[in-house]
Amino acid sequence: MASEEAANAGAEPLAPADPALRKKSKKKGKGKPKEGADARQGGDEAAGRAAEIAALTRAGRRALALGDAREALGCFRKALLLSRDTASPGLRRACAFNLGAAYVESGKPKKGLEFLLQSQPSEGESGEDLEDLYFNIGAAHEGLRDFPKALECFGKATGHGCAPQAGSRAGTHVQMGCCYLGLRAPARAARCFLDAAQTYMSAASPEAAAVALSRASGSMLQSRRFGLAEIAGVLAQCRSLCESIPDPALRAKLYGDIGLGYSQLRIFSLAAESFQQALALCGTEPDRRREAALLQNLGAAHNALRSFGTALGWHQRAAALHSALGNRRAQGQCFGNLAYACSQLGNHEAAAENYLHALQAFRDSGKGRRRQIGPARELCSIRMLSRLEPACFHLGHPQKAIGHYKEALTLLSHCQQDSDHLRFCSTLPHTSKTGSEVSFAGKAQAGDELCVCVPGAHPAHSGKRVQNKPTA
């Protein structure tokens, strides 16, 4: 972020006066007034240029904070151009740094890396703010998916400075965790996120600590190297921190993620409570897709708890909202959950009807997109057909049951997925800021149908830092 000390850039040493003018003035004694006027004019120009750079830097920082990347980049670019007419290499490096960091923050890591490398101090020069420089170079490499190089830079960032600020150190650990996820090393990622959470808590930053704990729990679940009690403890700690977070949008996202974590641990009572807490916050956050996902997850959790009467209402509300949003595939999942609840309540006619609705929804969702989602769609279709078969038998339609069973076998012959997937249909897409996918493959109780979905990624506390001080 861009800086205040540009205001002090007027203290830059001025370029020495031309030696020829000095020599001439000694001979004639008439050049002194003109020489003094030129020096004053040069000093005024330098001070004015420094003040303009400071103003542009502040404006760029404000624009970046407001999410106006285009305006921010324009300000930092103008500041860099002006700095090239100054006598200060330090000021030019600082302006190049600001522009590079802003490009990285704006999702253009390749362009950002170009300017960040220009901001490195040359040999023999003392480099200040190297921690920020290495951090942002690491963030650029992370954006380019060069995770080993990014980790090397983040390591240098933590090694520079005698006592880096806690928030700064924690932000670096978060970025390292994201890199390890990109390298498919979730256990190491989890440890980085846990370190970051601990540092954030010691720095009295509950929001950032809660986000780090949420990421840690997801990585722990993915790695399968941590015990159930250890993961449940991290989820409980994250949940307790949520109570002190004033931002309702962030709390809703975190409660949703906590619910998904408890679902994977098969602690469905706490999962249902967490989803309910997230849903209660949706009234203050106009995110209908998140609301639909939470309704769906609440119904799924109650299915797993075998409280099918309660689950029916959640399934119906979720299916209706997904329909209004045009999310046909998620609506199909809700119909599947609803059908299973009906079958467990003995209403086989309603179960068969909803399985057919689910099957049609999955077929509709694949139209025109077979290559992208064909296998997942076919697995869900097979699941619905396999559930339709017993429902038809219960209703006294054995021929229909046999027909559905044959159709399922035909689809299965075209599907290359392992048959174990038929036991549990779960779609959990989740993309982090680094581009890596993190999926919670939920496990239901024996015989349960549980289709849950992730309402969305939690906000990225990436901590990409844009320098505050363009100084000499």
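What counts, and where the lines are drawn
Residues numbered from 1 in each chain as written. Predicted model: local features only at pLDDT ≥ 70, side-chain atom pairs only at ≥ 80, totals over all residues. Heavy atoms only, no water. Helix = DSSP H or I, 4+ residues; strand = E, 2+ residues; numbered from the N terminus. Buried < 20%, exposed > 50% of the residue type's maximum accessible area, 1.4 Å probe, protein only. Contact = heavy atoms within 4.5 Å. Areas by Shrake-Rupley, 256 points an atom, 1.4 Å probe, with all protein chains shown as cover. pLDDT = per-residue confidence, 0-100. Disulfide = S-S within 2.5 Å.

Peer 1: Can you explain the overall build of the protein chain? Please cite residues and give values.
Peer 2: Helix and strand content of the protein chain: 19 helices and zero strands. Taking all 472 residues of the protein chain together, 51% fall into the buried category. Sequence separation of at least 24 residues holds for 65% of the intrachain contacts in the protein chain that already meet a minimum separation of 6. If you sum the accessible surface of the protein chain, you get close to 22,300 Å²; carbon and sulfur atoms cover 51% of it.

Peer 1: So what's going on with the confidence of the model for the protein chain? Residues and values would help.
Peer 2: For the protein chain, per-residue confidence averages 76 on the pLDDT scale, and residues scoring 70 or more make up 65% of the total. pLDDT under 50 marks residues 1–29. Its contacts with residues more than four places away, or in other chains, come to 49 contacts. Every residue in residues 416–451 scores below 50 in pLDDT, and together they form 96 contacts with partners more than four places removed in sequence or on other chains.

Peer 1: Tell me about the state of the cysteines, and please be specific about residues and values.
Peer 2: Tallying each qualifying case throughout the model produces zero disulfides. Cys179 forms no disulfide, and the closest cysteine sulfur to it belongs to Cys178, at a distance of 7.0 Å.

Peer 1: Now, about the environment of Leu99: what can you tell me, with residues and values included?
Peer 2: Among the secondary structure elements, Leu99 is positioned in helix α4 (residues 89–105). On the basis of relative accessibility, which here comes to 0%, the residue Leu99 falls in the buried class. Sequence spacing of Leu99 and Phe115 is 16 residues, and the spatial spacing of their C-alpha atoms is 6.7 Å. Contacts of Leu99, omitting those with residues within four sequence positions, involve Leu73, Phe76, Arg77, Leu80 and Phe115.

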